[in-house]
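So you can see what is in the structure, the chains are spelled out below.
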Amino acid sequence: MRLSQLEVGETGIVKEFTDLEMSVKLMEMGCLPGEEVRVSRIAPLGDPIAIHVSGYQLSLRKREASTIILQ
Amino acid sequence: MNIDLKVALVGNPNTGKSTLFNVLTGLNQKIGNFPGVTIDKKTGICDLPDGRHAQIIDLPGTYSLYPKSRDESIVFSVLADRSNPLRPDLVVVILDASNLKRNLLLYTQVADLKIPVIVALNMMDLAKKSDIIIDVDAFARKLGVPVVPISARKIEGIDKLKQAITFANKFALQEDTIDVEALAPQLIAQIGREIEVENPYFALQLAHQHETLTFLTPAQSNRIEELEHEFSFHSQKAQASETIARYSFINDLLYDTVTKKETAQDQTISNKIDKILTHKTFGFIIFFAILLFIFQSIFAWSAYPMQLIADFFVWLQGTLHRLLPSGPLTSLVVDGVLGGLSGVMVFIPQIAILFGFISILEDTGYMSRVTFMMDRIMRKVGLNGKSVVPLIGGFACAVPSIMSTRNIENWKDRMITIMVTPLVTCSARLPVYTLLIALVVPDRNVWWIFNMKGLALTGMYLFSLVSAVTVAFVMKFILKARERGYFIMELPVYRMPRWKNVGHSMYDRAKAFVLQAGKVIIAVSVILWVLASYGPGDRFQRIEDKYKQPRYTQHLNAVDLNHVIASEKLENSYAGALGHAIEPVIRPLGFDWKIGIALITSFAAREVFVGTMATIYSVDGDAEKIESVQQKMHTAKNQDGTPVFTAAVAFSLMMFYAFAMQCASTVAVVYRETKNWRWPAAQFAYMTVLAYLASFITYHLLK
């Protein structure tokens, strides 16, 4: 299951990443393995998405979200 | 003023860093540029309780010392480069108390550089509201640094922070956060020996960032590269394990010092607002309403102060002409330089208004929602969600709009936005279009309600937007990206704007424009003024002598005579000569030498076209009184008796003005924003080529 496959309101726990470069940036932003993420909304045009992670709201493109694999 | 201490403010974006900077320094601020890059360098003086003066440096907000963009890379070079004149003696790390976890990552990195650190815990009020309880003493003990709870917005805890700065240690006493050496033991040791850095984390950062750091010599950088190969160092893998180690330190730290009850209240309010503002339909309606409002304000509200500024300069020029002895020097100063200065000052209202709005949008957190909503469409054409604001602002004026592209982090997106913004129909084109449309488009209604003239004008506006988007799309393939295009972006909690920051931003931008772009604009206007006011040889004298003859003075009244003289002088000036000279080039576009002169004189500002036409056709006229110019242009005939301004010529001219970069201020501001003459040069070249082609095609299609 990838983060990009979650619907609004659904939660998941980050397991690993498929893109090393992206993972470095995501982890810096508090999106680490073991962290709970919740999709809080999807942009009106379907992309990007906003997720709730480590206490704040982060937006990222679907392509970027698809590099995050959930447990 | 004597500077006793240099203090850098470091923190994540949206932590209230600039608010704190404004509170600490008041009006003692200086805004410049970091050398070679277009990042605002804000410094200011803060008076400490013991009478010493601290220089405060506001560094760009960043989430990590590993930069995502060029702006962020400044932070590490200022902190680490020993030869940098801004290198701080003390770093104040600002942490958002309501979001400590992510904020602490940057703290741990800065702390490991072993520069003396103080922590300012900002937004304590917000944290309290969200039921976050922080044991500040335990927190400070664990970190080994002074921790000062503050609220920059409410100006609470600032005195305590100033005291902490005053009594700060000269030596770094903070606890280690992670075992840095374990990340790459041999490499760190070897770099430490060869480049002579004592601090292991500094050595590690050099390994990661040596390619972009300007303070390393090429030899040093190459040596680090060799060492990386020798010890098979993988930068991203090392960064990943470092970040994981740091978060595990942070989790331990927070576990002992922070307690939090679930469902933070502020989040839910923000969430409710987001439900409306990023709604599928309302979101766009509200956004376009806001854009329309901003556009309307730049357009309408700025008109009055702009008129005041223009009137003031006219008055000043008139007065000086009366007071000073007439002569070439007076004329140069009063007509040339003051004229140019007036052309600079007149932009201030538009710049201030646009930046007022942008600052409000940024401050409230709405700007990142705009990016969030618009990203998908804008990305397709090579732009950024944030490009919408400069593009729409371009309908009023490209100058403030190009300045506003600074908040686009991605280099490529920003450059493309800068390159296409001047294509959007700005208010200076309006008088040109109005004049030409009135000349050739019949005043008739189609389908009862649509006036043809109105349709033509609307058409020009829409056409400009289409051409801007098309050019952006093409540039997407031409420009090479400097950094990988991330979108990972925080959506901050909605807040009320801080009016002081808004005021600061309006003032700063206007000042930066006048001081930095002003020089170029004045220089260009003076050159153009000389070209239009002087002619080769004794031509001007001969004209004056000619019209002193009774056959002119007796048959024409003084006003008409002056018009005729002015017209003939312009024709015989250097600008006139140039107009004649370029006629073969512009003939295929349907333009004669008279239009050529107008193209040259309006080189610095498009609206000058109308005034030049008035002078050439020897009538009194400016942007407000165009009827008389229109009349003259309407009846103007070529030598063979055909009218000069046919529909083909008028539309060809409009196409020319739609594309050509006839604006010295834009050129100057593009230079200021890109710090490289190649950008304005390339922009000027492509716009001129497009203008020529579009005019040529239009003329030959309609002829």
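Reading the values: rules and limits
Residues numbered from 1 in each chain as written. Chains lettered and ligands numbered in written order. Predicted model: local features only at pLDDT ≥ 70, side-chain atom pairs only at ≥ 80, totals over all residues. Helix = DSSP H or I, 4+ residues; strand = E, 2+ residues; numbered from the N terminus. Rg over C-alpha atoms; globule rule 2.2 N^0.38 Å. Buried ≥ 20, exposed ≤ 12 C-beta atoms within 10 Å, placed from the backbone. Contact = placed C-beta atoms within 7 Å. Nonpolar A, V, L, I, M, F, W, Y, C, P; charged D, E, K, R; others polar. Right-handed = clockwise from strand over helix to strand, strands pointing away. Pairing = 2+ DSSP bridges. Domains from an automatic or database assignment. pLDDT = per-residue confidence, 0-100. Expected span 1.5 Å × (residues − 1). Axes fitted to C-alpha atoms, helices over the stretch in contact; angles between N-to-C directions. Parallel < 35°, antiparallel > 145°, perpendicular 65-115°, else oblique. Left-handed = near helix turned anticlockwise from the far one by under 90°. Core = buried A, V, L, I, M, F, W, Y, C linked by C-beta atoms within 7 Å.

Counting its regular elements, chain A contains two helices and five strands. Starting at the N terminus and walking to the C terminus, you meet the elements of chain A as β-α-β-β-β-α-β. Over its C-alpha atoms chain A spans a radius of gyration of 11 Å, differing by no more than 12% from the 11 Å that the globule rule assigns to 71 residues. Counting only C-alpha atoms and orienting by the principal axes, one finds that chain A spans roughly 30 × 20 × 20 Å. Looking at chain A as a whole, 49% of its 71 residues qualify as buried. Nonlocal contacts in chain A, meaning residues at least 24 apart in sequence, comprise 49% of its contacts between residues at least 6 apart.

In this section: the overall build of chain B. A tally of regular secondary structure across chain B gives 33 helices and 12 strands. Dimensions of chain B, computed from C-alpha atoms along their principal axes, come out at roughly 100 × 60 × 50 Å. Within chain B, the fraction of its 703 residues that count as buried is 45%. Across chain B, every contact between residues at least 6 apart in sequence was considered, and the portion connecting residues at least 24 apart equals 72%.

In this section: the environment of B:V585. Residue and element names in this part refer to chain B. Mapped onto the fold, V585 is located in helix α27 (residues 583-586). A tally of 11 C-beta atoms within 10 Å means that V585 is categorised as exposed. Residues V585 and D112, 473 residues apart in the sequence, show an inter-C-alpha distance of 65 Å.

Residue-level contacts link 32 residues of chain B with 28 residues of chain A. Broken down by secondary-structure element, the contributors of at least two residues to the side of chain B that touches chain A are α3 (100-112), α10 (235-257), α12 (282-301), α16 (366-380) and β12 (489-491) of chain B. Looking at which element gives the most residues to the side of chain B that touches chain A, the answer is α10(B), with seven residues. Here the residues of the side of chain B that touches chain A sort into 15 nonpolar, seven polar and 10 charged.

Here we come to the pairing of strand β6 (residues 117-122) of chain B. Residue and element names in this part refer to chain B. Burial analysis of β6 places six of its six residues in the buried class, the great majority of the element. Side chains V117, V119 and L121 of β6 all project onto a buried face; the interleaved residues I118, A120 and N122 project onto the opposite face, where all are buried too. The β-α-β motif built from strand β5 (residues 90-96), the intervening α3 and the parallel element β6 has right-handed crossover chirality. Inspection of the sheet shows β6 paired to strand β8 (residues 147-149) by three bridges, in the parallel sense. Considered in β8, the bridge of A120 is made with V148.

For the rest of this paragraph, the subject is the domain arrangement of chain B. Residues and elements named next belong to chain B. As assigned here, chain B comprises domain 1 (5-166) and domain 2 (180-260). In this assembly, 24 residues from domain 1 lie in contact with 23 residues from domain 2. Breaking the side of domain 1 that touches domain 2 down by element, the ones donating at least two residues are α2 (70-80), α3, β7 (132-134) and α5 (136-143). Among the residues forming the side of domain 1 that touches domain 2, the class breakdown is 13 nonpolar, four polar and seven charged.

For chain B, mean pLDDT is 86; residues scoring 70 or higher make up 96% of the total. Scored by ipTM, the complex comes to 0.95, with pTM at 0.82.

By the element assignment, A:L32 lies in the loop between α1 (20-28) and β2 (36-42). Sequence separation between A:L32 and A:D19 is 13 residues; the distance between their C-alpha atoms is 13 Å. In contact with A:L32, not counting residues within four places along its chain, are A:V14, A:M27, B:I244 and B:Y247.

Residue and element names in this part refer to chain B. Under the 1.5 Å per step criterion, the end-to-end length of helix α33 (residues 678-702) is 36 Å for 25 residues, consistent within 8% with the ideal 36 Å. Within α33 the residues assigned to the buried category are P680, Q683, M687, A691, A694, S695, T698 and Y699. Each element contacted by the buried residues of α33 is listed here: α19 (411-420), α31 (647-659) and α32 (664-674).

Residues and elements named next belong to chain B. Interhelical geometry of α3 versus α10 gives an angle of 125 degrees and a closest axis separation of 10 Å. As judged from the angle between their axes, α3 and α10 are oblique. Considering the relative orientation of α3 and α10, their crossing is right-handed. Counting all contacts with α3, which are made through L100, K101, L104, L105 and T108, the residues of α10 involved are R246, Y247, F249, I250 and L254.

An order of β5(A)-β1(A)-β2(A)-β3(A)-β4(A)-β12(B) is seen for the six strands of this open sheet, with the pairing classed as antiparallel. Either end of the sheet is taken by a strand with one partner, and the two such strands are β5 (68-70) of chain A together with β12 of chain B. Averaged over neighbouring strand pairs, the angle between their axes works out to 45 degrees when direction is ignored. In the sheet, strand β4 (residues 56-60) of chain A pairs with β12(B) via three bridges, with the strands oriented antiparallel. Each bridged residue has a counterpart across the sheet, and for A:L58 the counterpart in β12(B) is B:E490.

Moving on, we get to helix α29 (residues 608-616) of chain B. Counting buried positions over the nine residues of α29(B) gives eight, a clear majority of the element. Among all positions in α29(B), only B:V608, B:F609, B:V610, B:T612, B:M613, B:A614, B:T615 and B:I616 are buried.

Residues and elements named next belong to chain B. Ranked by internal contacts, the top residues of the largest apolar core, which has 211 residues, are V93, V110 and V119. Counting contributing residues per domain, this core is built from domain 1 (5-166) and domain 2 (180-260), each supplying no fewer than three. Those residues in contact with V93, other than ones at most four positions away along the chain, are V10, G11, L106, Y107, V110, V117 and V119.

For the rest of this paragraph, the subject is the pairing of strand β4 (residues 53-58) of chain B. The two faces of a sheet get side chains in turn, since along a regular strand they alternate between them. Residues and elements named next belong to chain B. The element β4 is largely enclosed, with a buried count of five among its six residues. Across five bridges, the pairing between strand β1 (residues 5-11) and β4 is parallel. Note on β4: the bridge partner recorded for L5 is A54. In terms of strand pairing, strand β3 (residues 40-47) meets β4 through six bridges, oriented antiparallel. Bridge pairing links G44 to I56 in β4. Counted between consecutive antiparallel strands, the loop separating β3 from β4 contains five residues, among which G51 sits at a positive phi close to 90 degrees.

Residues and elements named next belong to chain B. Look at helix α7 (residues 185-195) against helix α9 (residues 218-230): their axes get within 10 Å of each other, and the N-to-C directions meet at 155 degrees. One finds that α7 runs roughly antiparallel with respect to α9. Where α7 crosses over α9, the two elements pack in a sense that is right-handed. Along the contact surface, α7 presents L187, Q190, I191, E194 and I195, while α9 presents Q220, R223, I224, L227 and E228. Among the residues making up the contact of α7 with α9, the classes are represented as five nonpolar, two polar and three charged.

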